Amino acid sequence: MKRTREKVPVIDSDIHNNLPSGDALAPYLSDRWRKHHETIGGRGHSGGSYPRAMPNAARHDSWPPSGLPPGADLPFMQEQLLDAWDIEYGILNPLMGAGGQLNLEYGAALARALNDWQIEEWVKPEPRLRASVVVPYEDGELAAQEIDRRGGDSGFVQVLLIARTAEPLGRRKYWKMYEAAVRNDLPIGIHFGGSGGYPISGAGWPSYYIEDHGGMPQAFQAQVISLVCEGVFEHFPTLKFALIEGGFAWLPPLMWRLDQSWKKLREEVPDLKRLPSEYIREHFWLSSQPVEEPPKREYFDLLLEQLNAREKLMFATDYPHWDFDAPDRALPTNLAPDVRRRIMADNARELYRL
Amino acid sequence: MGTWDTKPSFVRSDWPLIDCDIHNTVPSLETLYPYLPDYWCDYCRESAFGGPEMGDYPKGAATTALPDTTPPSDGPAGSDLELLRDQTLDFWEAEYGLLTCAYRVQTVHNEDLAATLASATNDWQVEHWLEPEPRLRASLVVPSQNPPLAAREIERLGNHPGFVQVTLPVRSLIPYGNRHYDPIYEAAVRHNLAIGIQYGGAPGIPPSPSGWFSTYLEEYAGMGQVFQAQVISLVAEGAFDRFPDLRVALIEGGFTWMPSVMWRIDKEWRGLRHNTPWVKRLPSEYMREHMRLTLQPMDAPPEPKELLRMIGQLDSDEMLMFSTDYPHWQFDSPEEALPIGLPESLTKKILAENARAFYRL
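Residues numbered from 1 in each chain as written. Chains lettered and ligands numbered in written order. Predicted model: local features only at pLDDT ≥ 70, side-chain atom pairs only at ≥ 80, totals over all residues.

### A short note on the overall build of chain A
Then, number 1: A count of helical and extended segments in chain A gives 13 helices and 8 strands.
Then, number 2: Expected size for 354 residues packed as a compact globule is a radius of gyration near 20 Å; at 20 Å, chain A falls within 12% of this value.
Then, number 3: Across its three principal axes, chain A shows a C-alpha extent of roughly 60 × 55 × 45 Å.
Then, number 4: Put simply, chain A has 354 residues, and 54% of those count as buried.
Then, number 5: Put simply, of all contacts in chain A between residues at least 6 apart along the chain, 81% involve residues at least 24 apart. (Helix = DSSP H or I, 4+ residues; strand = E, 2+ residues; numbered from the N terminus. Rg over C-alpha atoms; globule rule 2.2 N^0.38 Å. Buried ≥ 20, exposed ≤ 12 C-beta atoms within 10 Å, placed from the backbone. Contact = placed C-beta atoms within 7 Å.)

In structure tokens, the structure reads:
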């Protein structure tokens, strides 16, 4: 039986554009940092190598005929993603490790270069794309400078952080960055990945990529806990966060656990005026990919209800990565049309003001 | 507190009850001196060592001790057998109570000291808890930072009928699915002991992938993620493939997060199973078969009916085991110790049958 379905607009809240080569940023770097880029290059927290299941963690069919790496060829991305799925807007989240640099000034230079490159080579030639401000997030002041430098450009719709940071994101060293985000009226996206210098789980270093990849919700949980309990939303009541590529089924149980713990331990955090879950419901959005797949449909429906997915869940493909979610397959086919519409486009449209 | 003078409706003579998480607390390092060899007694005295780190349960935190659980002797809550017997076994009319001693010898980097402290703790458990109270069962404390030494302790006491599990703190330096721990599992399986992974620990690395939390509240709430890491590790690294008889209890870590981990890791496995070919079935099948979770803290949604739906999402009636987490403060009246509205057959399983089968009581 042929299925017919109302066509809904699609906004993809997580696309990874890539550099065509190591030299591609050279025109955007000052002489001093171009030299550093060519001689020393990146130095992050090392020792977290998990060989991935496939090159560049990319879909096999996402290698462009031009020979460039996946995500680096705009015409091919237009054809394979934006045109093929009729995507209205796509949010770029370039993952080049600028924020994790141990040399903070180099990280800041890389962030500046990446941001200028995004506008020049992606957003200007392709009006369906929007960019994320890459920042050297381990230094609140340098990050704030970059947000102030580029945040006024309408091509940027959020500030981009990575989930595994050196300290939990509620800590005060990050607050200058939040001030700047509020000043520039930008939400903050926290994306899958990173390396903060510690084992990637509270139980130590696991052995396999499936644990690295499947364990990422733990880093997101830590960030939600920290941001709420440190009182970030009491200090920055308009600050909004998007949790990108972290999944979402873990969030309702975390809200209950936090609420229950807070009821007993609230004396320790007198700045918190409300239930932790109230801050979470107000300040956090989630991207859909990778969609958890419960064995029964009723579990998924309950989950969407618990998350207030109608208001807070945003569709994402994670193009060009291997765990790509297709716009026509990511959600159950018989989801209520208004809910589908909000998840596929309207929630992102509102958060990112598209 | 709520009403502790009335017994909850589920305490009935025809419904056996097994409490799977009662903390017996070592009052102080001095308590263990009679069980330590002279050399280590001298070592502790001369170095003014105060005992392992005890940061898991700050003394005055509300979660640490229910009101009225501090013994008249003024030791810490959970250190007095009379009071504990009165407030747990007698109050709940328990058939068995499983002691989950949280003396953190694993935090002592001197592994020889850790091993001798573990032996002393276990001998103290035999003399002060198991021998005087036949309804109690206990957990072997082992220096898990050194698996061969831990295995030696399991060999030494594993045949004692009072011990039914080996306990490990959920925070570890290396995840528990790693082959590093095989000597512990090999010894535990040989002695018919379960592994009980419990809240806490201090392995020297942060309790989150993103660094150290500022507050105890964050660490407490965040411990759920560390349990999740251990669940994933045990399945993905093939512990149940190497030890088909391995049984793992997750103690005081909550359970409402468990379905979300099953769904996520099942999905990962569908895409990545060629990376871990020894995981032959859906990861959630290993979890349901080999793992159990204690009931408290429940981390429950606000609506009782919603909690029942979350329990249903485990897709198993066998996984939950009743616990009070005594003397920690997890619920305000005894009636709240069990989810409201459970069907009778599931109530009986949670109250006793699941634990009886799992611990082979």
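### Some words on the overall build of chain B
Then, number 1: Within chain B one finds 12 helices and 8 strands.
Then, number 2: A compact globule built from 361 residues would reach a C-alpha radius of gyration of about 21 Å, and chain B, at 20 Å, matches this within 12%.

### A closer look at the interface of chain A and chain B
Then, number 1: In this complex, chain A contributes 57 residues to the contact, which on the side of chain B involves 59 residues.
Then, number 2: Taken together, the elements giving at least two residues each to the side of chain A that touches chain B come down to strand 4 (156-164), helix 6 (209-214), helix 7 (216-229), helix 9 (251-265) and helix 11 (297-307) of chain A.
Then, number 3: When its residues are assigned to classes, the side of chain A that touches chain B shows 30 nonpolar, 16 polar and 11 charged. (Nonpolar A, V, L, I, M, F, W, Y, C, P; charged D, E, K, R; others polar.)

### With respect to the confidence of the model for chain B
Then, number 1: Residues with a pLDDT of 70 or more make up 99% of chain B, whose mean pLDDT is 96.
Then, number 2: The ipTM, which scores confidence in the relative placement of chains, is 0.96 for this predicted complex, and the corresponding pTM is 0.97. (pLDDT = per-residue confidence, 0-100.)

### What about the sheet that holds strand 7 (residues 284-287) of chain A?
All names here are of chain A.
Then, number 1: With respect to topology, 8 strands assemble into an open sheet ordered 1-2-3-4-5-6-7-8, the strand pairing being parallel. If you trace the sheet from one side to the other, it starts and ends with strand 1 (10-15) and strand 8 (313-314), each paired once.
Then, number 2: Pairing geometry for strand 4 and strand 5 (residues 188-194), over 5 bridges, is parallel. In the strand pairing of strand 5, Ile162 is matched with His191. (Pairing = 2+ DSSP bridges.)

### Examining the packing of helix 5 (residues 147-157) of chain B against helix 6 (residues 182-190) of chain B
Residue and element names in this part refer to chain B.
Then, number 1: Interhelical geometry of helix 5 versus helix 6 gives an angle of 15° and a closest axis separation of 7 Å. As judged from the angle between their axes, helix 5 and helix 6 are roughly parallel. When the axes of helix 5 and helix 6 are compared, the crossing they make is right-handed. Residues Pro147, Pro148, Ala150, Ala151, Ile154 and Glu155 of helix 5 form the contact with helix 6, whose participating residues are Pro183, Ile184, Glu186, Ala187 and Ala188. (Axes fitted to C-alpha atoms, helices over the stretch in contact; angles between N-to-C directions. Parallel < 35°, antiparallel > 145°, perpendicular 65-115°, else oblique. Left-handed = near helix turned anticlockwise from the far one by under 90°.)

### A short note on the nonpolar core
Note on soluble globular proteins: their nonpolar side chains tend to be buried together.
Then, number 1: Within the largest apolar cluster, 201 residues are counted, with the highest numbers of intra-cluster contacts made by Ile147(A), Met177(A), Met314(A), Ile154(B), Ile184(B) and Val235(B).
Then, number 2: Per-element accounting of this core gives the leading share, 13 residues, to helix 7 (residues 216-236) of chain B.
Then, number 3: With near-sequence residues (within four places) excluded, Ile154(B) lies in contact with Leu140(B), Val142(B), Val166(B), Ile184(B), Ala187(B), Ala188(B), His191(B) and Leu193(B). (Core = buried A, V, L, I, M, F, W, Y, C linked by C-beta atoms within 7 Å.)

### Comments concerning the environment of Ala109(A)
All names here are of chain A.
Then, number 1: With respect to the element layout, Ala109 can be found in helix 3 (residues 104-123).
Then, number 2: Residue Ala109 is classed as buried on the basis of its C-beta count, with 24 C-beta atoms lying within 10 Å.
Then, number 3: C-alpha separation for the pair Ala109 and Val133, spaced 24 residues apart in sequence, amounts to 13 Å.
Then, number 4: Other than its neighbours up to four places away in sequence, Ala109 contacts Leu29, Ser30 and Trp33.

### Considerations on unusual backbone geometry
Then, number 1: Cis peptide bonds are those with omega within 30 degrees of zero, and the linkage from Tyr319(A) to Pro320(A) qualifies with 0°.
Then, number 2: Mapped onto the elements, Pro320(A) comes out in the loop between strand 8 and helix 13 (337-352).
Then, number 3: Put simply, Gln296(B) and Pro297(B) share a cis peptide bond, and its omega is 0°.
Then, number 4: Within the secondary structure, Pro297(B) sits in the loop between strand 7 (291-294) and helix 11 (304-312).
Then, number 5: Positioned with a positive phi, Asn308(A) is a non-glycine residue whose angle comes to about 55°.
Then, number 6: Counting through the fold element by element, Asn308(A) comes out in the loop between helix 11 and helix 12 (309-312).
Then, number 7: Classification of Asn308(A) by C-beta neighbours within 10 Å gives exposed; the count is 11.
Then, number 8: Unlike most non-glycine residues, Arg353(A) shows phi in positive territory, near 50°.

### Points about the environment of Leu304(A)
Residue and element names in this part refer to chain A.
Then, number 1: When you line up the elements, Leu304 lands in helix 11.
Then, number 2: Given 20 C-beta atoms within 10 Å, Leu304 falls into the buried group.
Then, number 3: Between the C-alpha atoms of Leu304 and Val339, which are 35 residues apart in sequence, the distance is 9.7 Å.

### Looking at the sheet that holds strand 2 (residues 96-99) of chain B
Residue and element names in this part refer to chain B.
Then, number 1: Read from one edge to the other, the open sheet built from 8 strands follows the order 1-2-3-4-5-6-7-8, with strand pairing classed as parallel. Strands at the two margins of the open sheet, each flanked by one partner only, are strand 1 (18-22) and strand 8 (320-321).
Then, number 2: Where strand 6 (residues 248-251) lies against strand 7, 3 bridges are found, and the strand directions are parallel. Bridging from a neighbouring strand, Leu250 pairs with Leu293 of strand 7.

### Section: the environment of Ala118(B)
All names here are of chain B.
Then, number 1: Mapped onto the elements of the fold, Ala118 is located in helix 4 (residues 111-130).
Then, number 2: Distance from Ala118 to Leu36, taken between C-alpha atoms, is 9.8 Å for residues 82 residues apart in sequence.
Then, number 3: Apart from residues lying up to four places away in sequence, Ala118 is in contact with Val105, Val141, Val142, Pro143 and Glu153.

### Things to note about the packing of helix 3 of chain A against helix 4 (residues 140-150) of chain A
Residues and elements named next belong to chain A.
Then, number 1: Look at helix 3 against helix 4: their axes get within 10 Å of each other, and the N-to-C directions meet at 20°. Compared by their axis directions, helix 3 and helix 4 come out roughly parallel. In this structure, helix 3 crosses over helix 4, and the sense of that crossing is right-handed. Between helix 3 and helix 4, the contacting residues are Leu104, Ala108, Ala111, Arg112 and Asn115 on the first element and Leu142, Glu146 and Arg150 on the second.
Then, number 2: Split by residue class, the contact of helix 3 with helix 4 holds 4 nonpolar, 1 polar and 3 charged.

### Digging into the pairing of strand 1 of chain B
Residues and elements named next belong to chain B.
Then, number 1: For strand 1, the buried fraction is high: 5 of the 5 residues fall into the buried class.
Then, number 2: In the sheet, strand 1 pairs with strand 2 via 3 bridges, with the strands oriented parallel. From the neighbouring strand, Ile22 faces strand 2, where its bridge partner is Leu99.

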